[in-house]
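Structural characterization, general
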Amino acid sequence: MGTVKIGLIQFFSITLLLELGTALVVNLGMAAGRDAWLSILIGCAGGIGLFAGYAYLYRKYPGLPFTAYTRKLLGKYIGTPVGLIYVIFYINLAARDLRDGSTMLAMATMHNTPLFILSMLMILSSAYVLHKGVEVLTRTSMVFLILVLLIGIFSTLMLMFSGSINLNRLLPMLENGVEPVIRSVLHQNYMFPFGEMIAFTMLMPFLSNVKKGPWVIAGAMLVSALMLSFTMALNISVLGADIVERSPLPLMPTISKISISDFIQRVDIFVVMVLIIGVFFKISVFFAAALIGISDLFGIPYRKMLYPCTLIILFISMLDARSFTEHLDEGGKLLYTVYPFFMIAIPAVMILISVLKSYFSASRPG
């Protein structure tokens, strides 16, 4: 697996799909009300700041995944348990996204299909692609990114032609001041989806270009923020902030407003397609990160652990919560309680140790 090298365009596309993921269809940043689009952009700035730290560690140890330089910086006896905790963290993220995707799909169209069947089909499709290799996953992302972009352009044009967009619903800006926007950023937007780039610390060793790779990934994060911000502004301008805030899948009723001469109607299927694509790639990236970590920590070929991990992710997703409301509440709390520990605290400690090691090793010869 270490001989695999992935091109910059492939990394750009997989990054964009990871960031869009489920965030494209949910009411992202609505704690800020009609200023949700602004909180997404500010959250992206914080997320790129976090990624700059991950990129620093990557440049210091370009051939190693995150679980390897935990051992290099923290030592074998501390670094190995820390690396193992990150593997569990990635598995949990994959399981939570699997629950998100299967439940949203059941809510959107497949009302009578058992949740277990939807989850099983999703995770098995992800396992099949990962069995072929991480490079296959990134190549596949290029094809599906084009499809997502075409759906987005078509849907926006149809909403414009149908006269459903009312930009006055976005006004007034900052009606309640900056406090709701900052609260939304701190409680959600810089962690979801931008902080989830911690998973790429496991994939960046496969970059074909060490110098340009982090810049390309940061560029994809910025593009995804612009797309997410535009989508939330579009939802609010079509539905109004109150309806978007109450809807778990606001993109669905937004797209359902498309009606041109009683000819182009019922294009909700596009939202379902975007949801399936986003969930698939998000699960797959976290799944791949966990497998790479297991392979690095225990020296086991990742394909041997592929299907055992598939079962673990499936059952964790089913046992995660008794209802979707409980699942969302739990996820909202994790974003500002547990996730910062993995996405900020531990990487910051490792960056500090790396800087100190570099300083003392450079000053020692003098």
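The text that follows walks through the structure, step by step, so that each part is easy to find. For clarity, every value in this text was computed on a predicted model and none was experimentally measured.

Rules behind the numbers
- Residues numbered from 1 in each chain as written.
- Predicted model: local features only at pLDDT ≥ 70, side-chain atom pairs only at ≥ 80, totals over all residues.
- Heavy atoms only, no water.
- Helix = DSSP H or I, 4+ residues; strand = E, 2+ residues; numbered from the N terminus.
- Rg over C-alpha atoms; globule rule 2.2 N^0.38 Å.
- Buried < 20%, exposed > 50% of the residue type's maximum accessible area, 1.4 Å probe, protein only.
- Contact = heavy atoms within 4.5 Å.
- Expected span 1.5 Å × (residues − 1).
- Axes fitted to C-alpha atoms, helices over the stretch in contact; angles between N-to-C directions.
- Parallel < 35°, antiparallel > 145°, perpendicular 65-115°, else oblique.
- Nonpolar A, V, L, I, M, F, W, Y, C, P; charged D, E, K, R; others polar.
- Salt bridge = Lys/Arg side-chain N within 4 Å of Asp/Glu carboxyl O.
- Patch = residues over 30% accessible without salt bridge, like charges linked within 9 Å, V, L, I, M, F, W, Y side chains within 5 Å.
- Areas by Shrake-Rupley, 256 points an atom, 1.4 Å probe, with all protein chains shown as cover.
- Phe/Tyr/Trp six-rings, centres within 6.5 Å; stacked < 30°, edge-to-face > 60°.

In terms of helices and strands, the protein carries 14 helices and zero strands. Going from N to C terminus, the protein has its helices and strands arranged as α-α-α-α-α-α-α-α-α-α-α-α-α-α. Over its C-alpha atoms the protein spans a radius of gyration of 21 Å, differing by no more than 12% from the 21 Å that the globule rule assigns to 366 residues. Reported as C-alpha extents along the three principal axes, the dimensions of the protein are approximately 75 × 45 × 40 Å. Every one of the 366 residues in the protein was classed for burial, and the buried ones make up 52%. Long-range contacts, defined here as pairs at least 24 residues apart, represent 84% of the contacts in the protein between residues at least 6 apart.

Let us look at unusual backbone geometry. The peptide bond linking Leu171 to Pro172 adopts the cis configuration, its omega dihedral lying at -5°. Counting through the fold element by element, Pro172 comes out in the loop between helix H6 (134–162) and helix H7 (179–189). Residue Pro193 is reached from Phe192 by a cis peptide bond, and omega for that bond is 10°. In this model, Leu174 sits at a positive phi of 50°, which is unusual for a non-glycine residue.

Looking now at the side chain of Gln10. On the secondary structure map, Gln10 appears in helix H1 (residues 8–20). Every residue in contact with Gln10, bar those within four places of it in the chain, is listed here: Thr138, Arg139, Ser141 and Met142.

So, about the environment of Val129. For Val129, the position within the fold is in helix H5 (residues 115–132). Val129 gets classed as buried once you look at its relative accessible area, which sits at 13%. On a C-alpha basis, the gap between Val129 and Ser284 in space is 8.3 Å, while along the polypeptide they are 155 residues apart. In contact with Val129, not counting residues within four places along its chain, are Val136, Leu137 and Phe280.

With that out of the way, let us pick up helix H11 (residues 269–298). Between its terminal C-alpha atoms H11 stretches 43 Å, which fits the 44 Å expected from 30 residues at 1.5 Å a residue. Counting buried positions over the 30 residues of H11 gives 23, a clear majority of the element. Once H11 ends, the next one or two residues include Gly299, with phi positive near 70°.

Moving on, we come to the packing of H7 against helix H13 (residues 324–337). Packing of H7 against H13 leaves a shortest axis separation of 7 Å and a crossing angle of 100°. Here H7 lies roughly perpendicular to H13, going by the angle between them. In contact with Leu186, His187 and Gln188 of H7, H13 contributes Gly332, Leu335 and Tyr336. Tallied by class, residues from the contact of H7 with H13 come to three nonpolar, three polar and no charged.

With that settled, the discussion passes to helix H8 (residues 213–239). The terminal C-alpha atoms of H8 lie 39 Å apart, and with 27 residues this matches the ideal 39 Å at 1.5 Å per residue to within 8%. Most of H8 is tucked away: 19 of the 27 residues are buried. In the stretch just after H8, Gly240 is the one whose phi turns positive, near 95°.

This part takes up the pattern of salt bridges. Using the criterion set out here, one finds nine salt bridges in the structure. The salt bridge involving Lys282 is made with Glu196; its shortest N-O contact spans 3.0 Å. In this pair, Lys282 sits in helix H11 while Glu196 sits in the loop between H7 and H8, placing the two residues 86 residues apart along the sequence. Note on Glu196: relative accessible area 5%, which makes it buried. As a salt-bridge pair, Arg322 and Glu326 come within 3.2 Å of each other at their nearest N and O atoms. Taking the relative accessible area as the measure of exposure, Arg322 reaches 77% and is therefore exposed. Where salt bridges share partners, they join Arg96, Asp320 and Glu330 into one cluster.

On the surface, a nonpolar cluster with roughly 600 Å² of combined accessible area is contributed by Phe116, Ile117, Leu121, Leu311, Phe315 and Leu319. Counting residues per element, the ones that place at least two in the nonpolar patch are H5 and helix H12 (306–319). Owing to a relative accessible area of 71%, Leu319 belongs among the exposed residues under this scheme.

A full pass over the atoms with the stated rule returns 15 aromatic pairs. Judged by centre distance (5.7 Å) and plane angle (65°), the ring pair of Phe11 and Phe200 falls under edge-to-face. Of the two residues, Phe11 sits in helix H1 while Phe200 sits in the loop between H7 and H8, which places them 189 residues apart along the sequence. Residues Phe11 and Phe200 agree in their burial class; the two are buried. Three or more aromatic residues joined by ring pairs form one cluster here, namely Tyr61, Phe66, Tyr69, Tyr86, Phe89, Tyr90, Tyr339, Phe341 and Phe342.

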